[in-house]
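# Chains, contacts and geometry: an overview
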Amino acid sequence: KGKGPKGKKITLKIARNSIRISPDGGRRLDLSKMGITTFPKCILKLADVDELDLSRNMLKKIPSSIEKFEKLRWLDLHSNQLEDLPKAIGTLQNLFYLNICNNKLTTKNLPEELTLLKNLHILNLGLNCLDSIPTSLGALKELKEIGLFDNALTTIPNSVKSLPNLKKLNAERNPFSDSTQQEEHADSIKRIETLHLVREKDLCSSCLKMCQDERDKLNKLNKLKNGTPSPPKKPSFPLLLTPNSPAKDNQKEWRLK
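Everything numeric here is computed off the predicted structure, so don't read it as measured data.

### Some details on the overall build of the chain
- Across its full length, the chain holds four helices and eight strands.
- Listing every helix and strand of the chain by position from the N terminus yields α-β-β-β-β-β-β-β-α-β-α-α.
- Per-residue burial over the chain gives 44% buried out of 257 residues.
- Long-range pairs, those at least 24 residues apart, make up 43% of the contacts in the chain with a sequence separation of at least 6.

### Digging into the sheet that holds strand S6 (residues 122-124)
- In spatial order, the strands read S1-S2-S3-S4-S5-S6-S7-S8; together these eight strands make up an open sheet with mixed pairing. The sheet is open, and its two borders are formed by strand S1 (19-21) and strand S8 (168-170), each paired with just one other strand. When strand polarity is set aside, the average angle formed by the axes of neighbouring strands in this sheet is 10 degrees.
- In this structure, strand S4 (residues 74-76) lies alongside strand S5 (residues 97-99), joined through three bridges in parallel fashion. Its bridge partner being in S5, Asp-76 is matched across the sheet by Asn-99.

### What about the pattern of salt bridges?
- In total, this model carries seven salt bridges according to the counting rule given.
- Ionic pairing is found between Arg-28 and Glu-51, a salt bridge with its closest N-O pair at 3.5 Å. Taken together, the residues Arg-28 in strand S2 (residues 27-30) and Glu-51 in strand S3 (residues 51-53) connect sequence positions 23 residues apart.
- For Arg-28, a relative accessible area of 8% corresponds to the buried category.
- Owing to a relative accessible area of 4%, Glu-51 belongs among the buried residues under this scheme.
- What you see here is one network of salt bridges that share partners, running through Arg-28, Asp-30, Glu-51 and Asp-53.

### Re the packing of aromatic side chains
- Overall, the coordinates contain one aromatic pair when judged by the stated rule.
- Both rings, one in Trp-74 and one in Tyr-97, keep their centres 3.7 Å apart while their planes meet at 10 degrees; by these two values the pair is stacked. With Trp-74 in strand S4 and Tyr-97 in strand S5, the pair connects residues that are 23 residues apart, well separated along the chain.
- A cation over an aromatic ring shows up here: Arg-73 above the ring of Phe-96, its NZ or CZ 5.2 Å from the ring centre.

### Structural notes on the side chain of Ser-32
- By the element assignment, Ser-32 lies in the loop between S2 and S3.
- The class for Ser-32 is buried, based on a relative accessible area of 10%.
- Side-chain polar atoms of Ser-32 contact the side chain of Asp-30, separated by 2.8 Å.
- If near-sequence neighbours (up to four positions away) are discounted, Ser-32 is found in contact with Asp-53, Ser-55 and Asn-57.

### Details of unusual backbone geometry
- The backbone phi angle of Lys-33 is positive, close to 55 degrees, even though this residue is not glycine.
- Among the structural elements, Lys-33 can be located in the loop between S2 and S3.
- Phi is positive for Ser-79, which is not a glycine, with a value near 60 degrees.
- Mapped onto the secondary structure, Ser-79 falls in the loop between S4 and S5.

### Observations regarding the nonpolar core
- Among the nonpolar cores identified, the biggest contains 52 residues, and Leu-29, Ile-43, Leu-52, Phe-69, Leu-75 and Leu-98 are the most heavily contacted of them.
- In this structure, Leu-52 is in contact with Leu-29, Ile-43, Ile-66, Phe-69, Leu-72, Trp-74, Leu-75 and Asp-76, ignoring residues within four places of it in sequence.

### Structural notes on the side chain of Asp-53
- Structurally, Asp-53 can be placed in strand S3.
- Taking relative accessible area as the criterion, Asp-53 reaches 0% and is therefore assigned buried.

### Some details on the environment of Pro-111
- Tracing the sequence through the fold places Pro-111 in the loop between S5 and S6.
- Between the alpha carbons of Pro-111 and Ala-88 there is a distance of 9.0 Å; along the sequence they are 23 residues apart.
- Beyond its immediate stretch of four places on either side in the chain, Pro-111 contacts Leu-85, Pro-86, Lys-87 and Ile-89.

Reading the values: rules and limits
Chains are numbered independently. Their residues run from 1 in the order of the written sequence. A pLDDT threshold of at least 70 governs which residues receive local features in this predicted model, and a stricter bar of 80 or more applies before side-chain atom pairs are shown or counted, although totals over entire chains, interfaces and linings include all residues. The side-chain numbers reported here are obtained from all heavy atoms of the structure, hydrogens and water having been left aside. Each helix corresponds to a stretch of at least 4 residues labelled H or I by DSSP, and each strand to a stretch of at least 2 residues labelled E; elements are numbered beginning at the N terminus. Relative accessible area decides the class of each residue, using a 1.4 Å probe on protein chains only: under 20% of the type maximum gives buried, over 50% gives exposed, and in between gives partly exposed. Residues count as neighbours in contact if any of their non-hydrogen atoms are within 4.5 Å of one another. Strand pairing is defined by DSSP finding a minimum of two bridges between the two strands. Here an angle of 0 to 180 degrees is reported between the N-to-C directions of two axes, which are lines fitted to C-alpha atoms, with helices fitted over the stretch in contact. Put simply, a salt bridge is a Lys or Arg side-chain nitrogen that is within 4 Å of an Asp or Glu carboxyl oxygen. When two rings of Phe, Tyr or Trp (its six-membered ring) have centres within 6.5 Å they constitute a pair, described as stacked for plane angles under 30 degrees, edge-to-face for angles over 60, and tilted for the intermediate range. Geometrically, a lysine NZ or arginine CZ counts as sitting over a ring once it is within 6 Å of the ring centre and also within 35 degrees of the ring normal. Polar contacts, as counted here, are pairs of nitrogen or oxygen atoms within 3.5 Å of one another; within protein the pair requires one atom able to donate a hydrogen and one able to accept it, and residues that are adjacent in sequence qualify only if both atoms are side-chain atoms. To form a nonpolar core, buried Ala, Val, Leu, Ile, Met, Phe, Trp, Tyr and Cys residues must be joined to one another through side-chain atoms within 4.5 Å.

Right under this line is the structure:
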């Protein structure tokens, strides 16, 4: 059998040198963009950190031993190759922020145990392969922001739309059954319609032109609606950025303050 990419080996020394102090004083283990293909077992010895960033690697699996990170408040797994999540993720009762955007997750492989994360405020499920959202996510009463963009959703369950603390929902670029239904999703939580997700300098020339054309169309539409020209305004949506490689490298600029 052919072997996949070997990936970088993370030693305990490398991991310890990757610990940073976050703005709120917590300890953050940042192993993003390290070319990791398998979950480094050595970091289990650093399970007392408050934040764990394994984003932008090549991980295919997160082991059940993730449950050892009992203090974890912030878990960032975006832009990997994850096809499922362990049931043990439901034991992370202190988790405030979970980003599993830009992976290969399907609805079938979303563990029911996600609903046990009662303290979760921000959940990003964008850029996956979800064809539906479990109604049980309505049990996450503390959710304030949720990203569902770039999936295969045709509807969003009422239990999610009516979450009592939900303030922001990004469900763009899903094949909703009709435009009216999509507008209802937007109106129910006053969703921002346009998001600047990456810096212009990080886009290739064709993507940049496409974005500029779309922005010009929106500006013209706004002028027609308002009757008076107004300068383009970049909306701030720091916690549900589409991350991937063109995203901001400086995490401090878009992390939760």
